[in-house]
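This is what each chain is made of:
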Amino acid sequence: MEYLLDKVEIVVIGAGHAGIEAALASAKLGCKTILLTMSLDQIANMPCNPSIGGTAKGHLVREIDALGGEMGKAADENMLQSRILNRGKGPAVHSPRAQIDRNQYHVYMKNILETQKNLYIKQDEAVEIRLNKNTIAGVLTKLGAFIQTDAVIICCGTYLNSKIFVGQSSYFGGPDGSPSSGQFSQSLKNLNLKLRRFKTGTPARVNRRSIDFGKLEVQNGDDRITPFSFSNQKQLKNKIQCFIAYTNSKTHDIIKQNLKKSPLYSGFIEGIGPRYCPSIEDKIVRFADKPRHQLFIEPIGLQTQEMYLQGMSSSLPEDVQIDFLRTIKGLENVEIMRSAYAIEYDCLDPLELYPTLEHKKIRGLYGAGQFNGTSGYEEAAAQGLIAGINAARKIKGKAEFVLPRSSSYIGTLIDDLVTKGCTEPYRIMTARSEYRLLLRQDNADQRLTPLGFEIGLVNKEQYDKFMQKKQKISQEKSRIFKVIIKPSDDLNKEFISQGISRLNQPQKMGDLLKRPGVGYSVLEQYDQNMPDIPTDIKEQVEIDLKYEGYIKKQQQKVEAMRKLETKKLPPDIDYSAINELRLEAREKLNVVRPINLGQALRISGVNPADVAVLSIWLKRRGGANDK
Amino acid sequence: MEKCIAAVATPIAPSGIAVIRLSGIDSIKIASKIFRPVKKNLEMLNGYTAAYGHIVEKEEIIDDGVALVFRAPNSYTGEDTVEISCHGGILIIEKVLELCYANGASPAQNGEFTKRAFLNNKMNLTQAEAVMDLINAQSVVALKAANAAKSGALYKKIDNICKNMVEIDGHIQAWLDYPDEDIDLVDSKNVAQELGMLKIELEKILKNYRLGNLVKSGVKTVIVGKPNVGKSTITNLLSGREKSIVTDISGTTRDIVESEIQIGGLAFILFDTAGIREAQDAVEKIGIERAKDKLEEADLILFIADGSQNIDKTELEFLRKHDKIPKICVLNKEDLGILGQKINVSDFSCVVKTSCKKPDTIENLKQKMLELMKLNSFDCSAPLIFNERQKIAIKKAVEDLQGAINAIENGLTWDAICVSIEDAIDDLLELTGEISSERVIDEVFSKFCVGK
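The numbers attached to residues start from 1 for each chain and follow its sequence in the written order. As they are written, the chains are lettered A onward and the ligands numbered 1 onward, keeping that order. Under the rules for a predicted model, residues below a pLDDT of 70 receive no local features and side-chain atom pairs below 80 are neither given nor counted, while totals for whole chains, interfaces and linings still include all residues. For the side-chain quantities, the full set of heavy atoms in the structure was used; hydrogens and water were omitted.

(A) Expanded view of the overall build of chain B. Tallying secondary structure elements over chain B gives 14 helices and 13 strands in all. Any pair of residues with heavy atoms lying within 4.5 Å of one another is described as a contacting pair. Partitioning the intrachain contacts of chain B with sequence separation of at least 6 by distance along the chain shows that 64% fall at a separation of at least 24. Surface accessibility in these figures is a Shrake-Rupley result with a 1.4 Å probe; residues are shielded only by whichever protein chains are displayed. Carbon together with sulfur atoms contributes 51% to the accessible area of chain B, which is approximately 20800 Å² in total. For the purposes of this entry, the term helix denotes a DSSP run of H or I that reaches at least four residues, the term strand denotes a run of E that reaches at least two, and both are numbered from the N terminus.

(B) Broad picture of the overall build of chain A. Secondary structure summary: chain A contains 21 helices and 24 strands in total. Atoms counted for the radius of gyration: C-alpha only. Globule rule: 2.2 Å times residue count to the power 0.38. Against the 2.2 N^0.38 benchmark of 25 Å for 627 residues, chain A shows a C-alpha radius of gyration of 26 Å, consistent with a compact globule. By principal-axis analysis of the C-alpha atoms, chain A measures approximately 85 × 80 × 50 Å. Throughout this description, buried means an accessible area under 20% of the type-specific maximum (1.4 Å probe, protein chains only), exposed means over 50%, and partly exposed covers the range between. Looking at chain A as a whole, 62% of its 627 residues qualify as buried. In chain A, the share of contacts with a sequence separation of at least 24, taken over all contacts with a separation of at least 6, comes to 72%. Accessible surface, chain A: about 24800 Å² in total, of which carbon and sulfur atoms supply 49%. In this charge count, Lys and Arg are treated as positive and Asp and Glu as negative; neither His nor the chain ends contribute. Where a charge lies is defined by one atom per residue type, namely NZ (Lys), CZ (Arg), CG (Asp) and CD (Glu). For chain A, the centre of its 89 positive side-chain charges and the centre of its 72 negative side-chain charges are spaced 3 Å apart.

(C) Representation of the packing of helix 10 (residues 377-395) of chain A against helix 11 (residues 409-420) of chain A in the model. All names here are of chain A. Packing of helix 10 against helix 11 leaves a shortest axis separation of 10 Å and a crossing angle of 85°. With respect to helix 11, the axis of helix 10 lies roughly perpendicular. Of the residues in helix 11, those touching helix 10 at Glu379, Ala382, Gln383 and Ile386 are Ile410, Leu413, Ile414 and Leu417. Side-chain classes are defined by residue name, with Ala, Val, Leu, Ile, Met, Phe, Trp, Tyr, Cys and Pro counting as nonpolar, Asp, Glu, Lys and Arg as charged, and the others, Gly among them, as polar. Class assignment for the residues of the contact of helix 10 with helix 11 results in six nonpolar, one polar and one charged. Angles here are taken between N-to-C directions and fall from 0 to 180 degrees, while the axes themselves are lines fitted to C-alpha atoms, restricted in helices to the stretch in contact. Just so you know how the angles are binned, under 35 degrees is roughly parallel, over 145 roughly antiparallel, 65 to 115 roughly perpendicular, and the rest oblique.

(D) Broad picture of unusual backbone geometry. Ala72(B) connects to Pro73(B) through a cis peptide bond whose omega is 0°. Relative to the assigned elements, Pro73(B) resides in the loop between strand 5 (60-70) and strand 6 (81-88). Phi is positive for Leu357(A), close to 75°, though the residue is something other than glycine. Within the element layout of this structure, Leu357(A) appears in the loop between strand 21 (341-348) and strand 22 (365-367). With phi around 50°, Arg593(A) is a residue other than glycine that occupies positive phi space. You can see Arg593(A) is positioned in the loop between helix 19 (583-592) and helix 20 (597-601). Arg593(A) sits in the buried class, given a relative accessible area of 18%.

(E) Structural context of a nonpolar patch on the surface. The grouping of Val38(B), Tyr52(B) and Val66(B) at the surface amounts to a nonpolar patch, some 270 Å² of accessible area in total. Considering the arrangement of structural elements, one finds Tyr52(B) in strand 4 (residues 49-57). Like-charged residues within 9 Å of one another, or nonpolar side chains (Val, Leu, Ile, Met, Phe, Trp, Tyr) within 5 Å, are grouped into patches, provided each residue has over 30% relative accessible area and no salt bridge. Think of a salt bridge as a Lys or Arg side-chain nitrogen and an Asp or Glu carboxyl oxygen that are within 4 Å of each other.

(F) Examining the environment of Gly364(A) more closely. All names here are of chain A. The residue Gly364 is located in the loop between strand 21 and strand 22 in this model. Put simply, Gly364 and Leu385 are 21 residues apart on the chain and 16 Å apart in space, counted from C-alpha to C-alpha. Other than its neighbours up to four places away in sequence, Gly364 contacts Ile136, Asp150, Ala151, Val152 and Glu358.

(G) Here's a closer look at helix 9 (residues 318-325) of chain A. Residues and elements named next belong to chain A. Along helix 9, the residues that are buried comprise Val320, Gln321, Phe324 and Leu325. What you see down the axis of helix 9 is that its buried residues fit within an arc of 125°, all on one side. Buried residues along helix 9 sit in contact with strand 12 (163-166), strand 15 (205-207), helix 6 (249-257), helix 8 (280-286), strand 19 (306-310) and strand 20 (336-338). Here, the arc refers to the directions that run from the helix axis to the C-beta atoms.

(H) View of the packing of helix 18 (residues 548-565) of chain A against helix 13 (residues 414-429) of chain B. Viewed as axis vectors pointing N to C, helix 18 of chain A and helix 13 of chain B meet at an angle of 40°, and their least axial separation amounts to 11 Å. As judged from the angle between their axes, helix 18 of chain A and helix 13 of chain B are oblique. Relative to helix 13 of chain B, helix 18 of chain A is oriented so that their crossing is left-handed. Judged by residue contacts, Tyr550(A), Lys553(A), Gln554(A) and Lys557(A) of helix 18 of chain A engage Ala416(B), Val419(B), Ser420(B), Asp423(B) and Asp426(B) from helix 13 of chain B. The residue makeup of the contact of helix 18 of chain A with helix 13 of chain B, split by class, is three nonpolar, two polar and four charged. Two helices that cross are described as forming a left-handed crossing if the nearer one is turned anticlockwise from the farther one by less than a right angle, and a right-handed crossing if clockwise.

(I) Quick peek at the nonpolar core. Put simply, buried Ala, Val, Leu, Ile, Met, Phe, Trp, Tyr and Cys residues joined by side-chain atoms within 4.5 Å make one nonpolar core. Formed by 151 residues in total, the largest nonpolar core has its most connected members in Ile52(A) and Leu188(A). In this structure, Leu188(A) is in contact with Ile129(A), Ile154(A), Leu160(A), Leu193(A), Leu195(A) and Phe371(A), ignoring residues within four places of it in sequence.

(J) The sheet that holds strand 14 (residues 195-202) of chain A, seen in detail. Residues and elements named next belong to chain A. Across the sheet, which stays open at both edges, the four strands sit in the order 13-12-21-14 with antiparallel pairing between neighbours. Pairing within the sheet leaves two strands with one partner each, and these edge strands are strand 13 (169-172) and strand 14. Put simply, the sheet's adjacent strands are angled 20° from each other on average, direction ignored. Only strands joined by at least two bridges in the DSSP assignment are considered to pair. Note: strand 14 against strand 21, eight bridges, orientation antiparallel. Considered in strand 21, the bridge of Lys199 is made with Glu344.

Don't take any of this as a statement about function, it's just geometry.
Printed below as a string of structure tokens:
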């Protein structure tokens, strides 16, 4: 029996990492929001690795935080160990990564949602989306509630029609024993959404007491922890250690002998898996010459003995999993608590979305996270935030919020999705950005906090703090060009010991800082009037000076692209009617429907000549409108 | 106004006068660096004013001509524009364009001047479609040229270098994006060395740039054959000079005799070589070795045979090594009657019969030589522009590689080094329209075992 629930403005389907950010953003921006989840006990679940961050993913978390999202704060609050990856390889690729207490993270996020004004959480399953012509009318739940709404944000993760594979056993179901959502998938197909089938996997969890830690390498966190959140005030501390183990020829032999039992190799799985996240059987087949593969053993929380085996995802039968794990030094007596499995699920072709993450054909329908073909908690959260912001802004009659590629990894990720689409689950990487030196994790606040404040997600306090920091940076930048450092025996001794060429003449401190290897750590003792300034400000000054040339070069690229991006393309263009475009370009443009000339140029199959034709077409159309 | 672009506005062919047009920001300033008017500086001139002067590179005068200055919005494009009229030799056109690009102009895209004219309201609405058609038509031409180039040896070479760069960058990226995986450490010395080698390869291409070579230094034409088949006679007839000594005694030409001729505006350097046979003495032996060496650098081979005699298979054997070089089989002594030679026509681009006594047969040979070279590498219309872009792209890649090497030597970090390597990849990929990040990411996943 159906009954009518109170009307809301936004329904968010799914309370994973995307759904949380989407719901919080829309509620904070003043929209009455319902968050539907199949289980209240799985809010903010981490069904795969118990960690947040990593290369480029850490950047995303910092960006989410700078815009006023929740993930960074939650990660800091519940972290077990933290490291900056890639130290010494350059500021653009420094990435924070933290082990997270999985259960505590869930508890924390659930509480945040529960206490958010305008936000209502309901344990129920969406089964149908109803339209009024091409506009969202409402959502029907399994229990028969019909929720009238202006917008729906689908953040259903890997639950759509999901099927789990462990060896020859397979069943319909989601991660961690939860059900699969088949009816909802069918409802989306009925709306003519283009769904595809993707595949991913996760390794086994084992009991801590069954591991011989004496045989493993230890991996510790950083001494001084860099938090994810710019507003973090606490001194964060490492609480656990992680461990490294290695596979060997015996492990590989067992896997090779049992390959035919893997549903991946026997053809039962049809979904497309990610190249960057190969199962151990994939690694052994594809990289046959590697004598060993590395695995990380990571605690899942402080109140559990479960340990996660990063690097060992598999879809082989349970008995084979036990056999091959027990060939590994340190895991000879390992007890599996949850088996590794592969999961296949329906997801949307993101080419059907605008950069606002709204569907091109259904007004008020948004998608975020794995539903859009990505993989990863951070990628999901980033999209959830943007979908939430846009859904709310549209309802409030405000302009759309699209981050250009040059502003952020969030913008890069979404642009990749809606412009190029994806043929496998999409993971963010630093290699995906052409503006890497501009998009650093350390300057995410400078790039995005003003925007977050303007939208209304960053509060005045956080914004004022940011403005103070900005002022301090510019003060320090002008100060160091007034300070003269004179050569001295002590200074040169130190320079030479660090492989820096000697200082022969007095030089401005600012100019000296431009030299590779020369930092505040060496110079500040020779600056009599050195004020007491925080390390993050010194870091900004140093990076800005040292990479000045590169930063300028990248900014020129940004400028060239910005010109094209200011030329908007109306959404209702019929590209097939523009005869002067090449046929391939017409087809691609009709599918992608770019919002501006810059995006058009990034579509594969659209060349600069086509964009030139479009710019003339735009002008002609503009001229016609003038009359 | 948009950035300054430059291109030749008249057809690129040997002609009396050629016009090179610069348009956009700083176009007058850039033109003033390469064009010295006899009186005022170009930058002082008003719109619609012409000045006579010299085209100069540093202080050296390249040519003389006239520069016309247009000031925005009163020009074809609606932007500041300079039109330099110079002499119409291909060499000169190429040189002037090179100077424009070296001083800050970019090569104009197809139809770009007209596009700018439209966008700056210099054309009415009805002309818009014509402009779009024009751009489209030209992009088809460019595409054809690109496709033609793709099958060429030069493209393959560049593509190979590009692949090497992607491989290096892919390794660094895998190492940066997957710091926890056991990926081989990136060694800065190795990378610098490998990049240095690729840079040298690119520089070689620039140096040996085929079209440039042909136009600038002429088609290297090596004349070979058995002794006493008439190589020197044909050389002399082609050049119209008695440079090689002609006798009835076989083995007269012992060293390589060089002469230059012009056929239809294209220069050919003729190398008359010693007849190839078992040498009779040490001096002749050296001559024969030199003849064989010369074949290595030939752009064109004229294989001369005595048409009145049967061709010995051994005569052809040494040519087999050079199957990529266009070859003309010249059957000489046609007046003595042609025998039924067993020539495998497919070994040659064409077969020409000549007689020293009939000048028109020599004229025919000249035409065949010109046709063959045009066909193979030399088209007077679009490709020169296309190739000019190619050259700029390669030059930029060389600069960016140098930037990467400098960054490594100065101890900069890998994120910055990668930016320069990727710029270099982008420079080369511009020729095929691919995007470097896609190639690099594919490389990461195909070569490295990364992931959870």
